[in-house]
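Residue-level structural notes
Single-letter residue listing:
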Amino acid sequence: MNFQDALTLLQEGRTLTRNAWDDPKQHVTLENKFYRVVPCQVAHYTHAKLGWTPLPNDLLATDWELIK
């Protein structure tokens, strides 16, 4: 499937992977979470997980696969 179809499934809460990725455990899932803001002496920082940003190859790929 292409990235447009993959993105639609991600928005529905599904988990996807790409056939081209070497690690069979590597996958993408979309999580909607709010993170707590923790005050600091210098500034305020938001706790957040490091996210995944699709590369141009991911956007143009047609090898997206549904995991669940």
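Residues numbered from 1 in each chain as written. Predicted model: local features only at pLDDT ≥ 70, side-chain atom pairs only at ≥ 80, totals over all residues. Heavy atoms only, no water.

**Some thoughts on the side chain of Thr-15**
- Among the secondary structure elements, Thr-15 is positioned in strand β1 (residues 15–18).
- Residue classification places Thr-15 among the buried residues on the basis of a relative accessible area of 6%.
- Excluding anything up to four places from it in sequence, Thr-15 contacts His-27, Val-28, Thr-29, Glu-65, Leu-66, Ile-67 and Lys-68. (Helix = DSSP H or I, 4+ residues; strand = E, 2+ residues; numbered from the N terminus. Buried < 20%, exposed > 50% of the residue type's maximum accessible area, 1.4 Å probe, protein only. Contact = heavy atoms within 4.5 Å.)

**Quick word on the nonpolar core**
- Counting residues in each nonpolar core, the largest one holds 9 residues, listed as Phe-3, Ala-6, Leu-9, Leu-10, Leu-16, Trp-21, Val-28, Ala-61 and Trp-64.
- For this core, the element with the highest residue contribution is helix α1 (residues 3–11), accounting for 4 residues.
- Non-local contacts of Ala-6, meaning those with residues more than four positions away in its chain, are made with Met-1, Leu-16 and Trp-64. (Core = buried A, V, L, I, M, F, W, Y, C linked by side-chain atoms within 4.5 Å.)

**A closer look at the pattern of salt bridges**
- Tallying each qualifying case throughout the model produces 2 salt bridges.
- Notably, a salt bridge pairs Arg-18 with Asp-58, separated by 2.7 Å at the nearest N-O pair. With a gap of 40 residues between them, Arg-18 in strand β1 and Asp-58 in helix α2 (residues 56–60) connect regions that are remote in the sequence. As far as burial versus exposure is concerned, Arg-18 and Asp-58 are alike and both buried.
- A salt bridge links Asp-63 to Arg-18, with the shortest nitrogen-to-oxygen separation between them at 2.6 Å. Here Arg-18 lies in strand β1 and Asp-63 lies in the loop between α2 and β5 (64–66), a separation of 45 residues in the sequence.
- When salt bridges with common partners are traced through the structure, they connect Arg-18, Asp-58 and Asp-63 into a single cluster. (Salt bridge = Lys/Arg side-chain N within 4 Å of Asp/Glu carboxyl O.)

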